[in-house]
Amino acid sequence: MEILKVELNLKAVNKSIALFNCDKKISGLIHTTENGETTVVLDGGYVLDSFDCPHCAIEAIGLLALKINDGKKSGHGSYRQHKRNFMELAFITVH
């Protein structure tokens, strides 16, 4: 078993919205509704998913950061570079 560590910074905006930055790799916001459903939106407007609780959302953010680290270590580049390449292809397809 391997223990991995990620740094997650949270800043509450109000009772239902918090901004996050995880390992300086991914950032966005966490929105929790009154009924307890929690949605994670990454910067750029990508919805990561909806979760039953804030704890599950934070766990998913940490796991995504670890996957990004693994991808970078295996030579697939950074998440920001992947996002830039994806957007360039998306705009070509639209135009």
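Look up a bit, the structure's there.
So, a few notes on the structure that sits alongside this text. It should be emphasised that the depicted structure is a prediction, and the values quoted were computed from it without experimental measurement. Sequence order sets the numbering: in each chain, residues are counted from 1 along the sequence as written. Local features in this predicted model are restricted to residues of pLDDT 70 or higher, and side-chain atom pairs are both shown and tallied only at a pLDDT of 80 or more, whereas totals for entire chains, interfaces and linings draw on every residue. Think of the side-chain values as coming from all heavy atoms in the structure, minus any hydrogens and water.

Attention now moves to the overall build of the chain. Numbering of helices and strands runs from the N terminus; a helix is a DSSP stretch of H or I covering at least four residues, while a strand is a stretch of E covering at least two. Counting secondary structure elements, the chain contains two helices and five strands. Residue burial is assigned from relative accessible area. The probe radius is 1.4 Å, only protein chains are included, and a residue is buried under 20% of its type maximum, exposed over 50%, and partly exposed in between. Every one of the 95 residues in the chain was classed for burial, and the buried ones make up 25%. The contact criterion used is simple: two residues touch if any of their non-hydrogen atoms lie within 4.5 Å. The contacts of the chain with a sequence gap of at least 6 include a subset with a gap of at least 24, amounting to 26%. When the accessible surface of the chain is summed, it comes to about 7,100 Å², and 58% of that surface belongs to carbon and sulfur atoms. Note on areas: Shrake-Rupley, 1.4 Å probe, and residue coverage restricted to the protein chains presented here.

With that out of the way, let us pick up the pairing of strand β5 (residues 46-51). Across five bridges, strand β4 (residues 38-42) lies against β5 in antiparallel orientation. Residue pairing in the sheet places Leu42 in a bridge with Tyr46 of β5. Once β4 ends, the chain turns through three residues before running back antiparallel as β5, passing Gly44 with a positive phi of about 100°. By the convention used here, strands pair only if DSSP detects at least 2 bridges between them.

To continue, consider the sheet that holds strand β3 (residues 26-32). Here we have five strands laid out as an open sheet, ordered β1-β2-β3-β4-β5, and antiparallel in their pairing. For this open sheet the edge positions go to β1 (8-12) and β5, each flanked by a neighbour on one side alone. Recorded for the sheet is a direction-independent mean angle of 20° between the axes of neighbouring strands. Between N-to-C directions, angles cover 0 to 180 degrees, with each direction set by a line fitted to C-alpha atoms, over the stretch in contact for helices.

Glancing now at the environment of Lys25. Here Lys25 is to be found in the loop between β2 (17-22) and β3. The exposure class of Lys25 is partly exposed, given its relative accessible area of 22%. Spatially, the C-alpha atoms of Lys25 and Asn69 are 8.8 Å apart, while their sequence positions differ by 44 residues.

Further remarks concern the environment of Pro54. The residue Pro54 is located in helix α1 (residues 54-73) in this model. For the pair Pro54 and Gly36, spaced 18 residues apart in the sequence, the C-alpha separation amounts to 8.1 Å. Residues contacting Pro54, with those up to four places away along its chain left out, are Thr32 and Thr38.

Here Ser27 is to be found in strand β3. A distance of 2.3 Å separates polar atoms of two side chains, one belonging to Ser27 and the other to Asp43. Residues contacting Ser27, with those up to four places away along its chain left out, are Phe20, Asn21, Val41, Leu42 and Asp43. Residues adjacent in sequence count toward polar contacts only when both atoms are side-chain atoms; beyond that, a polar contact is any pair of N or O atoms within 3.5 Å, and within protein one must be able to donate a hydrogen and the other to accept it.

Let's shift gears to unusual backbone geometry. Phi is positive for Asp23, which is not a glycine, with a value near 55°. Relative to the elements of secondary structure, Asp23 occurs in the loop between β2 and β3. For Asp23, a relative accessible area of 19% gives the class buried. Even without being a glycine, Lys24 presents a positive backbone phi close to 55°. Along the chain, Lys24 falls in the loop between β2 and β3.

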